[in-house]
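Each chain, written out:
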Amino acid sequence: MSTVPTLNGQVIGHAHYATRALLERATAPLGVEFNQLLALNVLANGAVERAHLTHRITSTLKVDEQEVQRVLATLVDANLAQADHDADAPRLRLTDAGHAVQARIAAAVANISARLYADIPTDEASAAARALTVVTQRANAELAATPT
């Protein structure tokens, strides 16, 4: 008889790390690290102010600004992103090579998601998404309220 798991950080973490391992395996031939994937995905929607991009990545991945600046520098060095000097605030945008890599990442994510979520009923997936959104909001609120 199987038992229904309790929704907790361990269950959520197992799902995250297993999915992340599949994504990293699928994108390894592209030569990009996990933290770069998020930046490339954000930049896929167009040029972004560097400060906004930095905040987005620090708040999502819970890494410090120095790590984000390292990640952004590696994207520029690899010719996947470039600075846009025409704007009032420093912005980054994808290069043609960056768009090509990001498109391959998006395809890998879509493929993995299709396999992993294929037979989960819509109402169950929606309930899980709602619950995880609440957990994320609560954790972020506690992080914001607690000095480091």
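Computed from a predicted model, the values in this text were never measured in an experiment. (Residues numbered from 1 in each chain as written. Predicted model: local features only at pLDDT ≥ 70, side-chain atom pairs only at ≥ 80, totals over all residues. Heavy atoms only, no water.)

1. Some words on the overall build of the chain
Applied cut-off: Secondary structure elements follow DSSP: runs of H or I of four or more residues count as helices, runs of E of two or more count as strands, with numbering from the N terminus. For the exposure calls, accessible area comes from a 1.4 Å probe over protein chains only, and a residue counts as buried if that area is under 20% of its type's maximum, exposed if over 50%, partly exposed in between. The contact criterion used throughout is that any non-hydrogen atoms of two residues lie within 4.5 Å. Each accessible area value is a Shrake-Rupley result obtained with a 1.4 Å probe; residue values ignore everything except the protein chains displayed when judging cover. When charges are counted, neither His nor the chain ends are considered; positive counts come from Lys and Arg and negative counts from Asp and Glu. The location of each charge is read from NZ of Lys, CZ of Arg, CG of Asp or CD of Glu.
When its secondary structure is counted, the chain shows six helices and three strands. Projecting the C-alpha coordinates of the chain onto the three principal axes gives extents of approximately 60 × 40 × 25 Å. Buried positions account for 24% of the 148 residues belonging to the chain. A sequence separation of at least 24 residues applies to 56% of the contacts in the chain between residues at least 6 apart. For the chain, the computed accessible surface area is about 10,000 Å², with 55% contributed by carbon and sulfur atoms. Each charge sign in the chain was given a centre, from 12 positive and 15 negative side chains, and these centres are 4 Å apart.

2. Side note on the environment of Ala-144
By the element assignment, Ala-144 lies in helix α6 (residues 122-145). The exposure class assigned to Ala-144 is exposed, which follows from its relative accessible area of 69%. Along the sequence, Ala-144 and Ser-59 sit 85 residues apart, while their C-alpha atoms lie 10.0 Å from each other.

3. Thoughts on the sheet that holds strand β2 (residues 81-84)
Backbone hydrogen bonds are what pair the strands of a sheet, in a parallel or an antiparallel way. Defined as follows: Criterion used throughout: strands pair if DSSP finds at least two bridges between them. Axes here mean lines fitted to C-alpha atoms, for a helix over just the part in contact, with angles spanning 0 to 180 degrees between N-to-C directions.
An order of β1-β3-β2 is seen for the three strands of this open sheet, with the pairing classed as antiparallel. Each end of this open sheet is capped by a strand with a single partner; those strands are β1 (48-49) and β2. Here β1 runs beside strand β3 (residues 91-94); their pairing, made up of two bridges, is antiparallel. Counterpart to Glu-49 in the pairing with β3 is Arg-91. Lying over the sheet, helix α2 (residues 34-43) contacts β1, β2 and β3, oriented at roughly 90 degrees with respect to β3.

4. Here's the deal with the side chain of Thr-58
Cut-off, in case you're wondering: Any pair of nitrogen or oxygen atoms within 3.5 Å is treated as a polar contact; in protein, a donor-acceptor pairing is required on top of that, and neighbouring residues in sequence qualify only through side-chain atoms on both sides.
With respect to the helices and strands, the residue Thr-58 is situated in helix α3 (residues 50-61). Within the structure, the side chain of Thr-58 is placed 3.0 Å from the backbone oxygen of His-55, a separation counted as a polar contact. Setting aside chain neighbours within four positions, we find Thr-58 in contact with Val-63, Asp-64, Glu-65 and Val-68.

5. Description of the nonpolar core
Note the cut-off: Buried Ala, Val, Leu, Ile, Met, Phe, Trp, Tyr and Cys residues form a nonpolar core when they are joined through side-chain atoms within 4.5 Å.
Within the largest apolar cluster, 25 residues are counted, with the highest numbers of intra-cluster contacts made by Val-32, Leu-40, Leu-53, Leu-72 and Leu-75. Per element, the largest residue contribution to this core is seven residues, and it comes from α2. Those residues in contact with Leu-53, other than ones at most four positions away along the chain, are Ala-39, Val-42, Leu-43, Val-48, Leu-72 and Leu-92.

6. Focus on the packing of aromatic side chains
Condition: Side-chain rings of Phe, Tyr and Trp, where Trp is taken by its six-membered ring, are said to pair if the distance between their centres is within 6.5 Å; with planes under 30 degrees apart they count as stacked, over 60 as edge-to-face, and otherwise as tilted. Here, over-ring charges are defined by two tests on the NZ atom of lysine or the CZ atom of arginine: distance to the ring centre within 6 Å, and angle to the ring normal within 35 degrees.
Under the counting rule described, the total for this entry stands at zero aromatic pairs. Across the ring face of Phe-34, the terminal group of Arg-20 is positioned such that the distance to the ring centre comes to 3.9 Å.

7. Concerning the pairing of β3
On β3, burial follows the alternation: Leu-92 and Leu-94 on one face are buried, whereas Arg-91 and Arg-93 on the facing-out side are not. Bridge count between β2 and β3: four bridges; the pairing is antiparallel. Its bridge partner lying in β3, Ala-81 is registered against Leu-94.

8. Quick word on the layout of surface pockets
Counted only if it meets this: In this analysis a 1.4 Å probe is tested at points of a 1 Å grid over the protein atoms alone, and where it fits but cannot get out there is a cavity; an open set with protein on both sides within 12 Å along at least five of seven lines is a pocket; lining residues have an atom within 4 Å of a point. Grid points are joined across faces, edges and corners, and a volume is the space filled by probe spheres set on the points. Throughout, the ten residues Ala, Val, Leu, Ile, Met, Phe, Trp, Tyr, Cys and Pro are labelled nonpolar, Asp, Glu, Lys and Arg are labelled charged, and all others, Gly among them, are labelled polar.
A volume near 1,600 Å³ is recorded for the largest pocket. At the level of secondary structure, the elements contributing two or more residues to the lining of the largest pocket comprise α1 (9-27), α2, α3, α5 (96-117) and α6. No other element matches α6, which puts eleven residues into the lining of the largest pocket. Looking at the lining of the largest pocket, its residues break down into 27 nonpolar, nine polar and three charged.

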